[in-house]
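# Secondary and tertiary structure notes
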Protein chains: 6
Amino acid sequence: MRYLNKQAKFMDRYVRKWSGLVQEWDGSGTIGGPALIGAPLAKASISHSGAHLAPRAIRSLLDAYSVYRTEEDRDVQGTLHDCGDIVMHVTDVAASQQRIYETVRDLLRRHQSMLPILLGGDHSISYPGIRAFAEERGKIGVIVLDAHHDLRNLEDGGPSNGTSFRSLLANGIVEGSHLHQIGIRNYANARAYHEYAKEQGVHVYTMGEVERKGADRIVAACLQSLRGKVDAVYVSLDMDVLDQAFAPGCPAIGPGGMDSRTFLQFVQLLAAEELVQGLDIVEIDPTLDVRDMTSRLAAHALFEFLSVRW
Amino acid sequence: MRYLNKQAKFMDRYVRKWSGLVQEWDGSGTIGGPALIGAPLAKASISHSGAHLAPRAIRSLLDAYSVYRTEEDRDVQGTLHDCGDIVMHVTDVAASQQRIYETVRDLLRRHQSMLPILLGGDHSISYPGIRAFAEERGKIGVIVLDAHHDLRNLEDGGPSNGTSFRSLLANGIVEGSHLHQIGIRNYANARAYHEYAKEQGVHVYTMGEVERKGADRIVAACLQSLRGKVDAVYVSLDMDVLDQAFAPGCPAIGPGGMDSRTFLQFVQLLAAEELVQGLDIVEIDPTLDVRDMTSRLAAHALFEFLSVRW
Amino acid sequence: MRYLNKQAKFMDRYVRKWSGLVQEWDGSGTIGGPALIGAPLAKASISHSGAHLAPRAIRSLLDAYSVYRTEEDRDVQGTLHDCGDIVMHVTDVAASQQRIYETVRDLLRRHQSMLPILLGGDHSISYPGIRAFAEERGKIGVIVLDAHHDLRNLEDGGPSNGTSFRSLLANGIVEGSHLHQIGIRNYANARAYHEYAKEQGVHVYTMGEVERKGADRIVAACLQSLRGKVDAVYVSLDMDVLDQAFAPGCPAIGPGGMDSRTFLQFVQLLAAEELVQGLDIVEIDPTLDVRDMTSRLAAHALFEFLSVRW
Amino acid sequence: MRYLNKQAKFMDRYVRKWSGLVQEWDGSGTIGGPALIGAPLAKASISHSGAHLAPRAIRSLLDAYSVYRTEEDRDVQGTLHDCGDIVMHVTDVAASQQRIYETVRDLLRRHQSMLPILLGGDHSISYPGIRAFAEERGKIGVIVLDAHHDLRNLEDGGPSNGTSFRSLLANGIVEGSHLHQIGIRNYANARAYHEYAKEQGVHVYTMGEVERKGADRIVAACLQSLRGKVDAVYVSLDMDVLDQAFAPGCPAIGPGGMDSRTFLQFVQLLAAEELVQGLDIVEIDPTLDVRDMTSRLAAHALFEFLSVRW
Amino acid sequence: MRYLNKQAKFMDRYVRKWSGLVQEWDGSGTIGGPALIGAPLAKASISHSGAHLAPRAIRSLLDAYSVYRTEEDRDVQGTLHDCGDIVMHVTDVAASQQRIYETVRDLLRRHQSMLPILLGGDHSISYPGIRAFAEERGKIGVIVLDAHHDLRNLEDGGPSNGTSFRSLLANGIVEGSHLHQIGIRNYANARAYHEYAKEQGVHVYTMGEVERKGADRIVAACLQSLRGKVDAVYVSLDMDVLDQAFAPGCPAIGPGGMDSRTFLQFVQLLAAEELVQGLDIVEIDPTLDVRDMTSRLAAHALFEFLSVRW
Amino acid sequence: MRYLNKQAKFMDRYVRKWSGLVQEWDGSGTIGGPALIGAPLAKASISHSGAHLAPRAIRSLLDAYSVYRTEEDRDVQGTLHDCGDIVMHVTDVAASQQRIYETVRDLLRRHQSMLPILLGGDHSISYPGIRAFAEERGKIGVIVLDAHHDLRNLEDGGPSNGTSFRSLLANGIVEGSHLHQIGIRNYANARAYHEYAKEQGVHVYTMGEVERKGADRIVAACLQSLRGKVDAVYVSLDMDVLDQAFAPGCPAIGPGGMDSRTFLQFVQLLAAEELVQGLDIVEIDPTLDVRDMTSRLAAHALFEFLSVRW
Ligand SMILES: [Ca+2]
Ligand SMILES: [Ca+2]
Ligand SMILES: [Ca+2]
Ligand SMILES: [Ca+2]
Ligand SMILES: [Ca+2]
Ligand SMILES: [Ca+2]
Ligand SMILES: [Ca+2]
Ligand SMILES: [Ca+2]
Ligand SMILES: [Ca+2]
Ligand SMILES: [Ca+2]
Ligand SMILES: [Ca+2]
Ligand SMILES: [Ca+2]
């Protein structure tokens with residue numbers, strides 16, 4: 001029965017894939033370092049979203065790319081723990097968000113050196129995720145790549161993918177001056193929420209600034225502002241910070257965003273900072289995507305992050 | 001400016017479209033007869049669903065078909081009131097269901113001779129809709145066309161598109177013996193829920209019986225069973241009662257269901273019964289559909305219902 | 001260079017394809033029997049249509065099916081002349097229709113025993129095509145398979161795909177009593193045009209009659225009515241006479257039409273009548289189709305017609 | 001970590017899915033009864049085919065349907081062993097076919113009461129599969145549902161999806177009179193191969209006969225002809241025996257085939273015969289399919305087969 | 001009935017959308033400033049085009065983006081009048097073009113300070129639009145962004161989307177030296193028409209020049225050349241000036257064009273010039289587009305234009 | 001019959017298309033200069049590929065673009081011979097590769113001044129193509145644009161699209177130091193094969209180097225290294241060297257590759273070198289492409305190559 005295999009696929013004996021670095025957590029022992037946690041919640045989205053399908057899409061792409069970084073002539077090495085997905089409630093969005101909070105909290109408490117990597121889902125997952133992160137990792141800073149502030153009021157639609165950072169600020173989980181938002185775009189936000197951001201002391205870097213200053217200077221400014229003031233930094237990557245041509249699978253696409261090289265450069269620069277101890281990647285709807293391009297880019301963000309960090 | 005029009009389209013002076021029979025309700029006066037109520041809720045679905053987009057899809061098709069019934073050589077005449085859509089909550093599914101209940105209840109109370117036609121949305125809308133219908137219209141019977149029982153337990157996922165009829169029975173809103181389910185299919189249900197249906201005295205007509213007996217005899221049996229026992233009958237049309245080839249746009253498609261002629265025949269037979277005083281059409285996801293075929297079929301169900309009823 | 005071929009494809013030495021029966025007309029000599037004439041006009045359509053792409057789609061499928069009729073254990077034999085396409089004007093629809101008229105007229109005049117098979121294009125091509133047919137072939141009858149009357153007034157939109165048979169009647173090219181329309185459907189026509197049909201003595205067979213009477217009796221009735229009164233019969237096949245599940249590529253799809261077997265049966269029955277001396281197949285938009293299903297069905301209609309006729 | 005799960009999905013405690021009956025074979029012990037064997041070979045196809053993706057598509061649908069047969073009010077019970085996929089060679093099609101032969105042979109030799117169910121792949125897999133079946137199970141009969149004979153010569157393209165039954169006859173693995181082909185269609189075959197079938201004594205039932213005689217009489221005739229003459233019967237289901245509207249995902253679609261109910265009826269009738277000891281389902285290309293309709297129908301064929309057999 | 005709404009959608013009380021700046025013109029009063037005029041003509045296109053669907057697509061996107069310009073920390077304010085669509089003739093393309101001419105002429109005559117913004121439609125609409133603009137606004141200059149000259153001869157296909165600027169020059173409506181064409185590309189034009197442009201004194205800026213000189217210098221050169229010589233300038237934006245990766249929804253796509261940032265920069269620079277008193281956006285076919293990317297970019301061009309201008 | 005044409009399309013008398021420069025080779029005479037040879041082999045691909053459809057897609061686009069180079073104000077002139085396609089074996093991949101080898105060898109031997117342009121097909125075609133090229137044109141150098149090395153071992157999958165350059169080196173057809181690979185990317189290759197490349201003296205230019213050095217310097221370095229050492233240079237263009245946003249139709253897409261302008265610049269620079277005497281374009285799967293963008297880019301690569309070379 002030498003040819004039988006659970007799932008038939010071509011194997012080249014010399015190729016090491018990212019999937020080979022993944023270790024499914026069996027619930028025992030202690031995880032150190034980066035660990036995937038699927039947060040397949042899309043029902044908190046303002047617009048129709050299939051973002052709950054993204055963890056599966058991204059994971060499947062770990063088998064499509066190798067660990068070899070040609071540019072540096074080295075194989076990336078390390079263990080990427082996979083904790084699996086957090087099962088969502090069918091009809092109770094708040095309960096789903098609570099499950100995310102509790103699960104991340106319990107994981108971080110049990111695994112003191114775990115670096116959580118949440119795969120959304122929509123951006124609503126960042127609130128429970130960061131809330132748990134802050135409880136377990138001390139005073140935190142947050143750096144977001146996003147076209148949008150996500151500082152909406154909570155009365156009109158409840159805790160949605162447009163309110164995560166509002167909830168963090170309003171509940172004192174993150175201080176305004178410890179929140180950095182990069183890539184904010186014209187026509188994608190409301191004046192009231194920009195005002196709110198300014199009142200709270202949030203650091204806002206528009207796409208115009210990204211173009212003028214470049215990733216290096218912006219990341220340096222963020223980190224300089226946070227170092228010494230926080231115990232840990234959490235990075236949140238909303239893929240719609242990219243131009244629609246490079247990330248066609250986000251629900252809220254538009255022109256005028258980053259290209260993929262700039263985006264990956266941001267990830268590398270952030271990964272190089274040891275303070276960064278948490279990450280999420282959100283707002284990919286595989287049903288809207290073109291040939292999984294947006295999930296492929298998300299997977300590459302993960303590769304860059306791990307390559308630098310390990 | 002004789003050529004300017006809000007929305008440019010070709011007009012043939014002799015063609016009367018269904019859209020011409022629609023009258024948007026302005027909130028004043030009393031509605032008698034059939035009235036559309038959009039219930040764009042899809043977040044209660046167990047599987048990913050864009051069924052909230054169906055009311056818009058179905059309404060737009062009212063402009064694509066004429067009111068002339070060639071078979072009987074007559075123009076269908078009447079007024080189809082359109083109450084608009086019930087605005088859903090972004091994140092609170094239970095609140096959305098409550099809004100459906102309250103809105104339908106208030107409409108029925110105010111308009112004693114209104115015949116409500118709910119456009120879903122997923123099948124979860126039938127519970128609040130029928131609950132309101134029962135409160136305002138007396139003892140009711142319910143006739144469902146569906147491949148599924150929708151009698152799931154409420155613990156595992158809350159009030160979803162799989163629990164509507166369970167909730168109706170469990171809350172005493174409909175008696176089991178007054179519920180008729182037509183088109184139930186193999187491999188689409190669980191034994192436990194079929195047992196529950198039998199315990200409750202629900203009348204179940206499988207696809208096998210549909211084939212063997214035909215629509216005439218089944219509808220006659222349903223109505224004979226209900227006449228004299230209920231004050232009004234509500235008909236619920238889950239489009240996945242059709243074979244996947246005829247209704248490709250339902251989330252839970254499968255082979256072995258009705259063809260479109262049989263389905264339309266059921267609608268005509270049911271429409272002929274004056275006891276029938278409420279209707280819904282559910283489980284169409286326009287993002288999954290092929291050329292809006294399923295919405296077109298839903299629109300034709302509406303045409304048949306109104307043509308017979310008026 | 002034994003492996004070089006203009007267009008690489010697999011050849012099985014024993015398989016004879018329909019493409020092998022096609023002979024491109026070089027402009028010389030006289031054509032007897034069936035001849036393809038492409039009429040790629042879609043700009044006369046009321047709705048957006050890519051029907052001008054259908055002749056290419058149908059022709060390419062002649063290479064996908066064999067000439068062997070298993071049911072009768074025989075290879076179909078004969079020569080299908082292909083006159084090519086009539087080049088349409090870019091912006092002048094009336095000029096395009098005139099080109100169709102002139103070309104068909106000249107072909108029929110020159111080739112007295114040609115049986116023209118027009119590949120539309122939208123249904124507007126039938127007016128110039130049949131006008132030429134009538135001029136060259138004597139008093140004619142017309143049998144149409146269509147969900148629609150196509151008897152619209154000419155004031156509102158000019159000579160479109162909705163007016164062909166109106167123009168034929170209004171201009172005395174076909175007598176009303178020599179026009180038979182089969183498959184006319186509810187909600188697809190206007191009362192005024194049905195009235196017009198009745199006034200003109202047009203024979204109308206609704207989908208209800210098709211179901212009740214069957215193809216045999218309807219075709220027999222048509223032919224009995226025409227025999228002895230006309231010199232030749234022209235058959236026009238609008239693919240939207242089919243149910244949307246069987247012909248998804250027509251611009252004006254809807255439920256409740258014919259299935260494909262009934263449709264092909266009509267074609268066989270009509271082909272058996274020697275009076276039938278002209279044919280067109282119209283209203284296929286390959287850009288809307290699913291896997292060329294509608295073009296495949298059109299190709300099979302052509303196969304059935306030729307198989308019976310040769 | 002109560003909410004963590006390898007793959008998040010909704011679970012209803014009372015629903016038993018077909019996936020719950022599947023038991024992955026670990027290579028030890030002896031398998032009795034039905035067992036899935038994936039044969040993901042598509043490179044032997046004459047036309048472009050992604051049929052190698054079908055085993056994965058069909059398996060994933062086992063989680064989408066329940067084991068409850070409403071018509072008979074019973075849960076289907078039994079164990080469906082899954083041997084996994086046979087890994088194909090990247091560039092050597094003959095080697096891939098040899099791997100299928102060797103693997104099926106070894107499995108059948110080791111597991112004397114195994115009923116192999118091969119999931120193709122294209123129809124080329126039936127030759128090595130049936131060859132192994134014949135070697136291990138004695139004198140065999142074969143019943144095929146297919147629009148095509150698949151009796152092509154082997155010189156023009158080698159052992160392709162068009163030659164499986166030619167190879168079986170030519171190599172004496174199956175006697176012509178023990179081969180039954182059901183659903184053969186016009187324009188889908190060559191005269192030479194029909195002649196060959198007749199010379200070999202193959203029993204051919206055209207679509208015309210299927211319509212005239214019905215599934216019951218045809219299956220009865222097949223089995224009566226085989227009983228007492230063979231030790232075991234192998235059933236091969238080429239999904240293109242269906243009309244294109246019901247099986248849009250086959251590479252070689254066309255109009256005029258079976259509808260899905262007739263197809264499933266054939267499967268049930270064949271499953272009821274104990275002589276039937278082997279099965280394959282082939283020619284589904286998930287990249288061409290519409291909402292996995294063809295895979296869903298294949299899964300239902302599997303359900304019917306197992307339901308009757310267990 | 002507090003939850004009933006004509007069209008259910010989420011409303012955030014603080015978000016001001018572009019749709020909120022739109023005021024549908026009721027036919028009375030005088031319009032000052034920018035006004036949308038839909039010109040849904042696609043039948044003048046040389047290739048198959050659904051560009052008539054673009055006005056609806058662009059308008060619907062006005063509800064998807066906010067009026068807040070983060071870069072300048074201000075809400076865009078002003079009134080965007082919407083005159084609706086000019087109803088096209090079904091079959092008479094010349095009549096449709098005449099309707100565009102008459103409607104724009106009458107609007108401009110009646111509303112002396114209206115700044116017309118025509119939403120095509122294909123590029124053929126620019127001829128009647130600019131003809132009317134020139135009649136009502138005096139001596140004009142025209143600046144076009146386009147990969148193509150659109151200077152074709154009128155004999156071969158009549159007044160199509162390839163002839164607009166030929167007609168303007170030939171009829172003396174615009175002087176050659178007052179016509180500026182930016183973004184002209186290799187392999188997208190004919191030598192004869194480039195020669196014609198040169199003979200007429202048209203200013204041509206190829207994509208190579210766009211890359212070498214940048215938007216600033218090119219716009220400056222255009223305006224310097226026109227200032228003092230014309231009374232008003234009309235800007236015509238053919239979206240195929242963009243690279244196919246950024247504007248996938250144009251009928252005539254190709255590689256090597258502008259990226260979206262450069263395109264939007266051109267729009268901003270042109271909007272800053274008060275002489276610019278007319279605008280059109282053309283050649284978007286929503287049926288070919290990917291997630292409405294091209295319409296989104298067109299909407300952003302409109303936003304930039306209005307933001308700068310108001 | 002003045003309007004009849006084999007294939008109806010609009011003709012502008014002044015537009016000269018690339019298709020007009022193509023001359024189908026009739027098998028006689030001697031070809032000098034560039035000649036197309038279709039190599040429609042996709043079955044050697046590791047992943048599912050429809051690359052055999054690319055020659056047809058690219059050829060059809062020769063009719064969509066003109067020969068006029070606006071940037072240089074000249075019509076490109078010359079004759080592009082088209083030898084047709086090499087017919088592939090249905091099931092024997094090695095035989096198909098042998099046919100490519102023999103056909104190219106025979107063509108090059110017979111036509112001493114032919115510059116072969118192979119249209120793949122997958123990248124496996126480069127091995128037989130270059131082998132023939134080397135035999136007939138002397139000592140050769142090879143310059144490849146590709147994200148991948150294609151230096152895999154031959155044991156695991158045979159001669160696939162991942163092994164072409166391994167076979168060339170292993171069989172001594174090209175010396176390692178005469179092979180230049182440009183655009184090699186992170187996560188797309190294995191360490192073992194990069195090591196192999198280094199051992200063999202292959203010149204590798206990563207995407208990082210492409211960004212840092214630019215096309216000019218890299219091409220200059222390649223050519224300087226090859227001049228005087230080889231008799232002829234063969235250029236192989238694997239379209240996946242582009243970023244996925246610019247070449248969505250390659251089987252192995254990913255982010256971080258070239259943009260289209262850089263790619264076309266490389267082609268121009270290479271075309272300017274007279275040593276370059278052979279070319280192939282591979283790895284385009286039209287079934288995966290978006291609006292034929294990747295084929296359009298391939299066609300433009302061909303245009304640039306020919307424009308510079310003629
Ligand atoms: Ca966000
Ligand atoms: Ca965002
Ligand atoms: Ca239901
Ligand atoms: Ca259902
Ligand atoms: Ca018609
Ligand atoms: Ca019609
Ligand atoms: Ca077969
Ligand atoms: Ca077959
Ligand atoms: Ca243009
Ligand atoms: Ca253009
Ligand atoms: Ca390669
Ligand atoms: Ca490659």
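Structure's up top.
The present account deals with the structure reproduced in this document. Numbers given to residues run from 1 along each chain, matching the order in which its sequence is written. In the order they appear in the text, chains get letters beginning with A and ligands get numbers beginning with 1. Residue-level local features of this predicted model are given only where pLDDT is at least 70; pairs of side-chain atoms are given and counted only at 80 or more, and the full residue set underlies all totals for whole chains, interfaces and linings. Based on all heavy atoms of the structure, the side-chain values leave hydrogens and waters out of the count.

### Concerning the pattern of salt bridges
Rules: Every case where a carboxyl oxygen of Asp or Glu lies within 4 Å of a side-chain nitrogen of Lys or Arg is listed as a salt bridge. Only DSSP runs of H or I with at least four residues qualify as helices, and only runs of E with at least two residues qualify as strands; both kinds are numbered from the N terminus onward. Residue burial is assigned from relative accessible area. The probe radius is 1.4 Å, only protein chains are included, and a residue is buried under 20% of its type maximum, exposed over 50%, and partly exposed in between.
Within this structure, the stated rule accounts for 117 salt bridges over all chains. The shortest N-O distance in the salt bridge between Asp82(B) and Arg59(B) comes to 2.7 Å. With Asp82(B) in strand β6 (residues 80-86) and Arg59(B) in helix α1 (residues 54-61), this residue pair connects regions lying 23 residues apart in the sequence. You can call Arg59(B) buried: its relative accessible area is 18%. In this structure, the salt-bridge partner of Arg109(F) is Glu136(F), at a minimum N-O distance of 2.8 Å. Residue Arg109(F) is located in helix α2 (residues 93-110), and its partner Glu136(F) is located in helix α3 (residues 126-137); the two are separated by 27 residues in the primary sequence. Salt bridges linked by common partners bring Arg69(A), Glu72(A), Arg74(A) and Glu304(A) together as one network.

### Let's talk about the interface of chain C and chain E
Threshold: Residue contacts follow a heavy-atom distance rule, with two residues in contact if any of their heavy atoms lie within 4.5 Å. Accessible surface is computed with a 1.4 Å probe, and the buried area is the amount of it that two parts give up when combined, taken over both parts together.
If you look at the interface, chain C gives 17 residues, while chain E gives 17 residues. Taken over both partners, the interface formed by chain C and chain E buries close to 1300 Å², and the fraction arising from carbon and sulfur atoms is 60%. Contact with chain E buries surface across chain C, with Lys43(C), His48(C) and Thr91(C) losing the most and accounting together for 46% of the total. Linking chain C with chain E are zero salt bridges.

### Concerning the relation of the copies chain D and chain C
Basically, it comes down to this: Alignment of the copies relies on least squares applied to C-alpha atoms, considering only residues that score at least 70 for pLDDT in both.
Overlay of chain D on chain C (RMSD 0.0 Å): rotation 120 degrees, translation along the axis 0.0 Å. As the rotation angle and translation indicate, the two copies are arranged about a three-fold axis. Judged by C-alpha distance, Ala245(D) is the residue of chain D that lies nearest the rotation axis, at 3.6 Å. When the interface residues of chain D are mapped onto chain C, a mere 8% of them are again interface residues, pointing to distinct binding faces.

### Quick look at the coordination of the calcium ion (ligand 7)
Residue and element names in this part refer to chain D. Here is the rule: Atoms of type N, O and S within 2.8 Å of a metal are treated as its donors, and for Na, K and Ca the window is 3.2 Å; water is not considered, so some sites may appear to be missing partners.
The coordination sphere of the calcium ion (ligand 7) contains the protein donors His123 (ND1), Asp146 (OD), Asp150 (OD) and Asp238 (OD), at a distance range of 2.1 to 2.3 Å. Between consecutive donor residues of the calcium ion (ligand 7), the sequence gaps follow H-x22-D-x3-D-x87-D. Here the calcium ion (ligand 7) and the calcium ion (ligand 8) are spaced 3.2 Å apart, linked through aspartate 146, which binds each one. Placement of aspartate 150 in the loop between β8 (140-145) and α4 (164-170) and of aspartate 238 in strand β11 (residues 232-238) is noted, with a sequence separation of 88 residues between them. Of the two residues, aspartate 150 and aspartate 238, both sit in the buried class.

### Some words on the pairing of strand β8 (residues 140-145) of chain A
Residues and elements named next belong to chain A. The criterion, for reference: Any two strands between which DSSP finds at least two bridges are classified as paired. Viewed with both strands pointing away, a crossover whose connecting path from the first strand over the helix to the second turns clockwise is right-handed.
Across the six residues that make up β8, a large majority, six, are buried. Of the two faces of β8, the one carrying Ile140, Val142 and Val144 and the one carrying Gly141, Ile143 and Leu145 are both buried. Where β8 meets strand β11 (residues 232-238), six bridges bridge the pair, whose relative direction is parallel. In the sheet register, isoleucine 143 faces β11, and the bridge partner there is valine 235. Examined bridge by bridge, β8 and strand β9 (residues 179-184) share four bridges and lie parallel to one another. Looking at the pairing, isoleucine 143 lines up with histidine 180 of β9. Tracing the backbone out of β8, into helix α4 (residues 164-170) and back to the parallel element β9 gives a crossover that is right-handed.

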